[in-house]
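Chain by chain, the residues:
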Amino acid sequence: MEARKLVYALALLFGCMGQAWSQVVPAGHQAAVRRFVVETPHFRVFAADPGLAQEVGQMAEAYRKHLALHWLGQELAPWADKVPVTVQSTPTMPASGETKYTLVAGVVRDFRMVVCGSRERILDSVLPHEMTHTVLATHFARAGKPIPRWADEGACTTVEDQSERNKHDTMLVRFLSEGRGIPFASLFAMREYPRDMMPLYAQGYSLCAFLIAQGGPRQFIKFLERGMQDEDWVTAVSENYGYPKLGKLQTAWNQWVSDGGGSVTNYTAVALGYTRDTSATLASATLPQPPSGLQTASSSVSPVSSMVSMEPMTSTTGKGYYQDQFQKHGTPIQVSQPGPMQTIGGTLYR
Ligand SMILES: [Zn+2]
């Protein structure tokens, strides 16, 4: 039944393509819940509310552009196919999202996205998180393998609203206090989600924020590119951030979160005397605003040293780095929400 409705919707949509930047087309007249389709240059949005379908389509396009600039410094090339985005929304629905795609021979295709939650959460939380997955997946497709889980989910979380990021910090404190932290040697080697998944989100986010604070988002991408070449993450960390070993990075991050987050200046490889190369580790000084996560609370990771200074901190601006950047371009942006991910065959679910 659901498949039939979808086919019908697509058939209706096909008839109106090219007429305007977007169209709202009723689909499934006989269904108990009417669904509408909105067409944008890169997306095909299905929703019960035509207004919400329009908003999701417009914001999806905006996120696609601005998130690519944020992470890559350039916009994405066109995809082979428009990405279907299914919107499921009620005022009380918990926020969640899922992005699936197929990665074959270095080419990513067949993106499919589902965003769930209240209107507000979808637009300011779920959508940017899921859109970051599509940007990173498109960029790293040529590597022929998925981005390390901690880095992928962590990076997506850094574009969330501060209120959402604070939730991860709060969870991180709990996870670490319960001995559920993941040692970096294990974290960097993880190819699949662990059974205990949420610590990966919280810790991955915190570490991403720590690294991005030092060199910015584009250097973080370079770091991933280097590491994914041959899985030599020790060299990737050393070349991009100056820490000679994963253990040194873990210790520095551990201390940073134990001290309550904030500025990373005292925790860089330069500050700790590991390197005199300031090209990467002092780049944070040029960032226009503190990157997301800097102003949030965190904790120590296994092996846990001590749990201190866990009071949530507030940003001096009330917004994260990405929000500030996005709003400079004149487009409102806010949050994101993680979704589960697993690999089934060549299809990735995020
Ligand atoms: Zn995700």
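Residues numbered from 1 in each chain as written. Predicted model: local features only at pLDDT ≥ 70, side-chain atom pairs only at ≥ 80, totals over all residues.

### Thoughts on the overall build of the protein chain
The secondary structure content of the protein chain amounts to 12 helices and 8 strands. Within the protein chain, the fraction of its 350 residues that count as buried is 49%. Long-range contacts, defined as pairs at least 24 residues apart, comprise 67% of the intrachain contacts of the protein chain with a sequence gap of at least 6. (Helix = DSSP H or I, 4+ residues; strand = E, 2+ residues; numbered from the N terminus. Buried ≥ 20, exposed ≤ 12 C-beta atoms within 10 Å, placed from the backbone. Contact = placed C-beta atoms within 7 Å.)

### Here we look at unusual backbone geometry
The phi dihedral of Ala105 is positive, around 50 degrees, even though this residue is not glycine. With respect to the helices and strands, the residue Ala105 is situated in the loop between strand S5 (96–104) and strand S6 (107–116). Assessed through the 8 C-beta atoms surrounding it within 10 Å, Ala105 is described here as exposed. Positive phi, normally seen in glycine, also occurs at Glu231, with a value near 65 degrees. Within the element layout of this structure, Glu231 appears in the loop between helix H8 (217–230) and helix H9 (233–241). The exposure class assigned to Glu231 is partly exposed, which follows from the 14 C-beta atoms found within 10 Å.

### Digging into helix H2 (residues 50–72)
An ideal rise of 1.5 Å per residue puts 33 Å on 23 residues; H2 measures up with 32 Å between its terminal C-alpha atoms. Within the span of H2, buried status applies to Ala53, Val56, Gly57, Met59, Ala60, Tyr63, Arg64, His66, Leu67, Ala68, His70 and Trp71. Downstream of H2 by one or two residues, Gly73 has phi in the positive range, about 80 degrees. (Expected span 1.5 Å × (residues − 1).)

### Structural notes on helix H3 (residues 119–139)
Counted at 1.5 Å a residue, the expected span for H3 with its 21 residues is 30 Å, and the 29 Å between its end C-alpha atoms agrees. A bend of about 35 degrees at Val126 is the largest found in H3, and the proline Pro128 appears one to four places after it. Among the 21 residues of H3, 17 are classified as buried, and the element is accordingly described as predominantly covered. (Bend = angle between axes of the 7 residues up to and from the residue.)

### Section: the nonpolar core
Counting residues in hydrophobic clusters, the biggest one holds 76 residues, and the most contacted among them are Val45, Val56, Val85, Val87, Val115, Leu127 and Cys208. With residues up to four places along the chain from it excluded, the contact list for Val87 reads Val45, Phe46, Ala47, Leu52, Ala53, Val56, Val115 and Ile122. (Core = buried A, V, L, I, M, F, W, Y, C linked by C-beta atoms within 7 Å.)

### Section: the environment of Phe188
Mapped onto the elements, Phe188 comes out in helix H6 (residues 184–189). Residue classification places Phe188 among the buried residues on the basis of 21 C-beta atoms within 10 Å. Separated by 45 residues in sequence, Phe188 and Trp233 place their C-alpha atoms 7.2 Å apart.

### Details of the packing of H3 against helix H4 (residues 149–158)
As a packed pair, H3 and H4 sit with axes 8 Å apart at the nearest point and diverge in direction by 130 degrees. It follows from the interaxial angle that H3 and H4 lie oblique. Where H3 crosses over H4, the handedness of that crossing is right-handed. Across the interface between the two elements, His129, Thr132, His133 and Leu136 from H3 touch Asp152, Ala155, Cys156 and Thr157 from H4. For the contact of H3 with H4, the class distribution of residues is 3 nonpolar, 4 polar and 1 charged. (Axes fitted to C-alpha atoms, helices over the stretch in contact; angles between N-to-C directions. Parallel < 35°, antiparallel > 145°, perpendicular 65-115°, else oblique. Left-handed = near helix turned anticlockwise from the far one by under 90°. Nonpolar A, V, L, I, M, F, W, Y, C, P; charged D, E, K, R; others polar.)

### Side note on the pairing of strand S2 (residues 35–39)
Of all 5 residues making up S2, 5 are buried, and the element is well covered by its neighbours. What sits between the antiparallel neighbours S2 and strand S3 (residues 43–47) is a turn of 3 residues. (Pairing = 2+ DSSP bridges.)

### Description of the confidence of the model for the protein chain
In the predicted model, the protein chain carries a mean pLDDT of 75, and 69% of its residues have values of at least 70. Segment residues 1–22 is flagged for pLDDT under 50; beyond a separation of four residues in sequence, or across chains, it makes 27 contacts in the model. (pLDDT = per-residue confidence, 0-100.)

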